[in-house]
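Chains, contacts and geometry: an overview
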Amino acid sequence: GNIHPQLQSWINEDWDIRQSDLTSSKIGAAFVTAGGISAGQESTLGCILRAFLIFRFIIVGGETWTAAFGASAVTHEAPFMTHTDAIAEGDDFLTPCATLMK
């Protein structure tokens, strides 16, 4: 997996703080989503973390070694549900979010 091209372009070209030391010693963490298990989450987290390191962020991973590089979510693959299925079942988080998006 890789960072979405639009996000990579923003980091490379439009990130206003990249021209200064504003990011030096700031905390950075990464989060990714993927359409399936083993669909590139770890390598994508690595890409984001490398960008943070270039801009001198202090990297923070997950709480345990099982989330060493950051957080990730898997959708559209069993046993995980699509967001539409979760909303249909009254998911406590997604249902209010879907309402706000309307």
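Here's a quick rundown of the structure.

About the criteria used
Residues numbered from 1 in each chain as written. Predicted model: local features only at pLDDT ≥ 70, side-chain atom pairs only at ≥ 80, totals over all residues. Heavy atoms only, no water. Helix = DSSP H or I, 4+ residues; strand = E, 2+ residues; numbered from the N terminus. Buried < 20%, exposed > 50% of the residue type's maximum accessible area, 1.4 Å probe, protein only. Areas by Shrake-Rupley, 256 points an atom, 1.4 Å probe, with all protein chains shown as cover. Core = buried A, V, L, I, M, F, W, Y, C linked by side-chain atoms within 4.5 Å. Contact = heavy atoms within 4.5 Å.

**Quick look at the overall build of the protein chain**
The helix and strand tally for the protein chain stands at four helices and four strands. Out of the 102 residues belonging to the protein chain, those deemed buried represent 25%. Approximately 7,400 Å² of the protein chain is accessible, and the part contributed by carbon and sulfur atoms is 59%.

**Some words on the nonpolar core**
Judged by nonpolar contacts, the single largest core of 13 residues is most densely connected at Ile 11, Trp 15, Ile 48 and Phe 52. Among the elements that take part in this core, helix H2 (residues 41–54) stands out by supplying six residues, more than any other. Among residues more than four places away in sequence, those in contact with Ile 48 are Ile 3, Ala 30, Phe 31 and Val 32.

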